[in-house]
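Report on the structure
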Amino acid sequence: MSFIPVNEPLLNGNEKKYLLECIDTGWISSEGPFVEKFEEQMSTRVNRKHGVAVSNGTVALELAISSLNLESGDEIIAPTFTIISCVAAIVRNGCVPVLVDCNPTTWNMDLSQIEEKITPKTRAIMIVHIYGLPVDMDPILSLAKKHNLKVIEDAAEMHGQLYKGKPCGSFGDVSIFSFYPNKHITTGEGGMVMTDDDYIANHCRSKRNLCFQPKRRFIHEELGFNYRMTNLQAAIGIAQLEQLDQFVLLKRKLGGLYTQLLSDLPNIQLPLPKTDYAENIYWVFGIVLNNINAETVMEMLHQRGIGTRPFFWPMHKQPVFNKMGLFLDEEYPVSEKISNYGFYLPSGLSITPTQIEIVAENLKAILMEGK
Ligand SMILES: *Cc1c(COP(=O)(O)O)cnc(C)c1O
């Protein structure tokens, strides 16, 4: 039996056709026509005025924060249970990350902890939709309004997801997506900043392209970056976006199948299929074990030919931030628990129902044996 990887993308739409078009026409850099087309199509899809395509989701977050013109020492509230890109982007912009724990059932940031973390220096809330279920946006938006805070929305895991019928990625003053191969749509590597604000969009466009100036290209008023997306990446992105609705349906089917197969297993927590504001799109199918370390079970699954990935490791436990003097002695028990006991099962778009059955059977066998 061949190994079942934790993720394998599905590239059987127009990806090859559009890529060949790039090669046939010679447009392979960021100058090609697909980049702008991809930005327009994403903006339409997410219901935003602007999309700025960049080389990955991590730099999209960096640009998003930089576009808010915050001052050194300004505070941004963010979840501790997330990928490092979020807090790295805050730190790299000279701001101070202030963390909150996550909710034990949705794994999204605990809304009840945000207000008490607001100080006179707080400028923004970074919300991160985790693993397929959106954050409950309405309370966040009213809190932000009440305290005059910007909202940065990390929708990297939320392509095609809706919150109360509106697209995720449409809520932040500035929002971002990633197109890494394990996301619902991919460009290999890639990301996008989305906003309705002309200033933010122009700032990000300029910064992504070395702050070249329209009139005298090589005279610079500011320091930028080369964060450009290539036409080759955008070609794949356009082909993927054509299939997004199908991909969401497929992911929901895979999530539903796992839920059905694993629901009678005692002592494990499965992802919430839905809340009263959204239905899970299962970016990944995460599980949290009761009393057995995730690592042990992941190793046993690996020996049986099944790939897995551990949950995010909380930001307050990151040696790199602790060495900077950040988050010392802070405790966020829910994130600490799920990061030790949680991991996710294979659920890439290329997985077959038979493979899911194999994964479920093996997981059951391991957990039952352990009793
Ligand atoms: C994947 C991801 C990112 C980073 O995107 P890259 O394209 O891999 O840099 C940022 N935030 C979240 C929540 C993610 O899942």
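Residues numbered from 1 in each chain as written. Predicted model: local features only at pLDDT ≥ 70, side-chain atom pairs only at ≥ 80, totals over all residues. Heavy atoms only, no water.

Looking at an unreviewed UniProt entry, one finds the protein chain named DegT/DnrJ/EryC1/StrS family aminotransferase, with Bacillus salitolerans as its source organism. UniProt, in the comment section headed Sequence similarities (unreviewed entry), describes the protein chain in these words: "Belongs to the DegT/DnrJ/EryC1 family." (UniProt positions renumbered as here; feature names shortened; annotations may be inferred.)

Turning to the side chain of Arg208, a few remarks are in order. Residue placement: Arg208 occurs in helix H6 (residues 198-208). Ignoring anything within four residues of it in the chain, the contact list for Arg208 reads Glu39, Val52, Ala53, Val54, Leu63, Phe225, Asn226, Tyr227 and Arg228. (Helix = DSSP H or I, 4+ residues; strand = E, 2+ residues; numbered from the N terminus. Contact = heavy atoms within 4.5 Å.)

Attention now moves to helix H4 (residues 84-92). Listed as buried for H4 are Ser85, Cys86, Val87, Ala88, Ala89 and Ile90. Count one or two residues on from H4 and you reach Gly94, which has phi positive near 80°. (Buried < 20%, exposed > 50% of the residue type's maximum accessible area, 1.4 Å probe, protein only.)

We note that the domain assignment places domain 1 (15-100 + 110-241) and domain 2 (245-369) within the protein chain. Of note, the centres of domain 1 and domain 2, computed from C-alpha atoms alone, are 25 Å apart. Each partner contributes residues to the interface: domain 1 has 35 residues there, and domain 2 has 31 residues. Overall, the association of domain 1 and domain 2 removes approximately 2800 Å² of surface from exposure, summing both partners, and the carbon and sulfur fraction of that is 69%. When the buried area of domain 1 at its contact with domain 2 is split by residue, Phe81, Tyr131 and His184 rank highest and sum to 28% of it. Here domain 1 is connected to domain 2 by one salt bridge. Between domain 1 and domain 2 we count 13 residue pairs in polar contact (both at pLDDT 80 or more) in total. Those elements that provide at least two residues to the side of domain 1 that touches domain 2 are H4, strand E3 (96-100) and strand E6 (162-163). At four residues, the largest contribution of residues to the side of domain 1 that touches domain 2 is made by H4. (Domains from an automatic or database assignment. Buried area = accessible area lost by both parts, 1.4 Å probe. Salt bridge = Lys/Arg side-chain N within 4 Å of Asp/Glu carboxyl O. Polar contact = N/O pair within 3.5 Å; in protein donor to acceptor, adjacent residues only side chain to side chain.)

What follows deals with the environment of Phe179. Take Phe179: it is sitting in the loop between strand E8 (174-178) and strand E9 (191-195). On a C-alpha basis, the gap between Phe179 and Gly237 in space is 7.9 Å, while along the polypeptide they are 58 residues apart. With near-sequence residues (within four places) excluded, Phe179 lies in contact with Phe38, Met42, His159, Ile185, Thr186, Thr187, Gly188, Glu189, Gly190, Gly191, Met192 and Met229.

Within E8, five of the five residues are buried, which leaves it mostly tucked inside the rest of the structure. Both faces of E8 are covered, namely the face carrying Val174, Ile176 and Ser178 and the face carrying Ser175 and Phe177. Taken together, the three bridges between strand E5 (residues 150-154) and E8 define a ladder with parallel strand orientation. Each residue of the ladder has a partner; that of Asp154, found in E8, is Ile176. (Pairing = 2+ DSSP bridges.)

Once that is clear, we can look at the pairing of strand E13 (residues 342-345). Strand direction decides the pairing type here: strand E11 (residues 285-289) and E13, joined by four bridges, are antiparallel. Residue pairing for E13: Val288 is matched across the bridge by Gly342. Bridging between strand E12 (residues 309-310) and E13 involves two bridges; their strand directions are antiparallel. Across the sheet, the residue bridging to Pro310 is Phe343, located in E13.

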